[in-house]
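Geometric and topological summary
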Amino acid sequence: MRDHELVIGGDSVPGDDGHFAVIDPASGQAFARCPAGSPAQLDRAVDAARAACGEWQALSHAQRCEALTRVADDIEREADELARLIVREQGKPLALAQSEIAGGVAWTRYAAGQEIPVEWIEETPTQRIELHHRPVGVVASITPWNWPFMIAVWHIMPALRAGNCVVSKPSSLTPLSTIRLVEIIARHVPRGVINVVTGQQGLGSAITGHPGIDKIVFTGSTETGQRVMRASAGNLKRLTLELGGNDAAIVLPETPVAAVAEEIFQAAFLNMGQTCSALKRLYVHESQYREFAEALADIARRQVVGDGLEAGVTFGPVQNADQLALVSELVDDARAQGAEVLCGGERLDRPGFFYPPTIVTGVSDGQRLVDEEQFGPVLPVIAYSDVEDALRRANASSMGLGGSVWGSDEVRAQAVASRLESGVAWVNCHAQIQPNTPFGGCKMSGFGVEFGLQGLLEFTTPQLHYVRTFPTK
Ligand code: NAD
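Residues numbered from 1 in each chain as written. Predicted model: local features only at pLDDT ≥ 70, side-chain atom pairs only at ≥ 80, totals over all residues. Heavy atoms only, no water.

1. Quick notes on the nonpolar core
For clarity, the threshold we go by: The term nonpolar core refers to a set of buried residues drawn from Ala, Val, Leu, Ile, Met, Phe, Trp, Tyr and Cys, joined through side-chain atoms within 4.5 Å. Think of it in three bands: residues with accessible area under 20% of the maximum for their type are buried, residues over 50% are exposed, and the middle band is partly exposed, with areas taken using a 1.4 Å probe on protein chains only. Numbering of helices and strands runs from the N terminus; a helix is a DSSP stretch of H or I covering at least four residues, while a strand is a stretch of E covering at least two. Segment limits for the domains were obtained from an automatic or database-derived domain assignment. Note on contacts: a residue pair is in contact if any heavy atoms of the two residues lie within 4.5 Å.
In terms of nonpolar packing, the biggest core is built from 83 residues, with Ile75, Ile156, Met157, Leu181, Ile185 and Ile216 touching the most fellow members. Here this core gets 10 residues from one element, more than from any other, and that element is helix α5 (residues 148–161). If you count residues domain by domain, this core takes at least three from each of domain 1 (2–243 + 445–464) and domain 2 (247–427). Aside from chain neighbours lying at most four places away, what touches methionine 157 is Leu68, Val71, Ile75, Thr108, Ala111, Leu181 and Ile185.

Right, here's the structure in full:
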């Protein structure tokens, strides 16, 4: 079993508290050991990051751009090994892990090329007023287990690009690809600019209360996000919170089923449904409801469920036993209330955390499967009779990450989509993201955005320069 190490101040070091096992979701067995870092090691990582700020910030934007470009080149060179590691720790099929690495490269190259503009607010013969953006300082990145590599890239690259130093803390369920990412970054930046600490318990909350950390970029559940926010008050940490979602999609009446069924299926079951902005509730007009549900069930039945490293597999396991238990519980609860499970609906009788893609009809708002974020391979298909009612039900959630409207009349679809209470409103697509477009949620899905210029500026603090001409007499 291969051991990994923490990266603190440019050195690879073992964890003070030994190791913990990392489980392969396809077998349910440990396949690697991860270092268990101590609170003292977190302190050292924060100190190293603080000490490195001066040197990193003294570099020009061009030099930081150059460093990140070299990181992207190395990720590309090591893509195959990284993708296999992601499959082992996260469970997704190899092709999807490869696209996670490709996304990581694309986002890194984008961040490398970003400019931080200076806004000229006023210029007169006697004074000049400019708005600059300074780095925040030490940024902590706390990441979840669903897209471990890509989300770490989303956090770390713009933070570094803006001149901050970073302490990364991945989920203890999927820590290894982040450790490898940090090892790659550490080759190209001064010692201490990037650090990673891993542990099974307590490190996340130690970060939130740490006086040496200036900002936390957090992606995870709403419940943990609330804890992060409460605990960060001590030194008024800046926060970006990308939290849970329960995205609704509304299919307008008379939408051709065959034209959109595959796209809707992929949006709902992306990464086995374990994607924050996956389509999680599908509202279909009652006239087409049955036809849509059957079309989705047909696609679900065609999936090849298995170990992500096996050839031909299109659908991997759920990442962990707790998430599998939640998915099973939500489906069982719906079934007990009279729902019809068109396909799937039972854990597979084999080692690992396998649950096949599952389509459920005969459910409605007020039931757990609709109201709660399932974050797994099950989609409730819900009938509506008029679009206003569907919109009201879509917006009845406390979450507000994304939402979509589907229909052949894009103008009408966009008009409906613009009334969704969500950070992103997609039309005829869902869960589409790209490096240059800001992404983030509203309501209990969090605040702040990632990507694009707005995303980069989240890692800065504004500084106004008010420059008056020196009096001549
Ligand atoms: P989680 O909240 O359980 O854990 C996220 C991270 O927080 C992990 O690294 C964990 O160790 C850490 N953590 C746990 N307790 C902490 C504490 N008290 N203080 C600080 N950190 C703590 O989430 P998860 O189960 O890993 O991920 C699934 C959730 O993430 C889902 O709700 C999903 O919607 C959400 N998510 C959101 C986005 C987004 O961009 N909005 C993206 C991916 C996932």
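2. Here we look at the domain arrangement of the chain
For clarity, the cut-off: Salt bridge, as used here: a side-chain nitrogen of Lys or Arg that lies within 4 Å of a carboxyl oxygen of Asp or Glu. Polar contact criterion, stated in full: a pair of N or O atoms within 3.5 Å, where within protein one must be able to donate a hydrogen and the other to accept it, and residues adjacent in sequence count only if both atoms are side-chain atoms.
Its domain assignment divides the chain into domain 1 (2–243 + 445–464) and domain 2 (247–427). For domain 1 versus domain 2, the separation of C-alpha centres amounts to 31 Å. Contact with domain 1, which involves 24 residues of that partner, is made by 26 residues of domain 2. Where domain 1 meets domain 2, there are one salt bridge. A salt bridge links arginine 88 to aspartate 307, with the nearest nitrogen and oxygen atoms 3.1 Å apart. Run the count over domain 1 and domain 2 and you get 10 residue pairs in polar contact (both at pLDDT 80 or more).

3. A closer look at the sheet that holds strand β6 (residues 119–123)
Note the cut-off: Here a strand pair is declared whenever DSSP counts at least two bridges between the two strands. Fitted lines through C-alpha atoms serve as axes, helices being fitted only where they are in contact, and the angles separating the N-to-C directions of these axes extend from 0 to 180 degrees.
Overall, antiparallel pairing links the three strands, which are arranged β6-β7-β23 in an open sheet. The outermost strands of the open sheet, each flanked by one partner alone, are β6 and β23 (460–468). Between one strand axis and the next, the sheet turns by 20° as a mean value, whatever way the strands run. Bridge analysis of strand β7 (residues 127–135) against β23 gives nine bridges, and the strand direction is antiparallel. What sits directly across from glutamate 130, in β23, is histidine 465.

4. Overview of the site of the ligand
Convention followed: For each residue, the test is whether any non-hydrogen atom lies within 4 Å of the molecule or strand; if one does, the residue is near. All accessible areas in this document rest on Shrake-Rupley with a 1.4 Å probe, and a residue is counted as covered only by the protein chains that are shown. Here the term cavity refers to a set of points on a 1 Å grid, laid over the protein atoms alone, in which a 1.4 Å probe fits but cannot get out; the term pocket refers to an open set having protein on both sides within 12 Å along at least five of seven lines, with lining residues being those that place an atom within 4 Å of a point. A cavity or pocket is said to hold a molecule if more than half of that molecule's atoms lie within 2 Å of its grid points. Throughout this entry, Asp, Glu, Lys and Arg are counted as charged residues, while Ala, Val, Leu, Ile, Met, Phe, Trp, Tyr, Cys and Pro are counted as nonpolar. The remaining residues, Gly among them, count as polar.
Looking at the ligand, there are 28 residues lining it, with Thr143, Ser221, Thr224, Leu243 and Glu373 nearest. Between the ligand and tryptophan 145, the relevant distance is 2.8 Å, taken from an oxygen atom to a side-chain nitrogen or oxygen of the residue. A distance of 2.7 Å separates a nitrogen atom of the ligand from a polar backbone atom of leucine 243. With the chains in place, 85% of the 860 Å² that the ligand exposes on its own is no longer accessible. When atom positions are compared with the pocket grids, the ligand is found to occupy the largest pocket. Among the secondary structure elements, those contributing two or more residues to the shell around the ligand are α7 (203–208), β11 (215–219) and α8 (222–231). Looking at the shell around the ligand residue by residue, the class counts come to 12 nonpolar, 12 polar and four charged. Residues from two domains meet in the shell around the ligand; each of domain 1 (2–243 + 445–464) and domain 2 (247–427) gives at least three.

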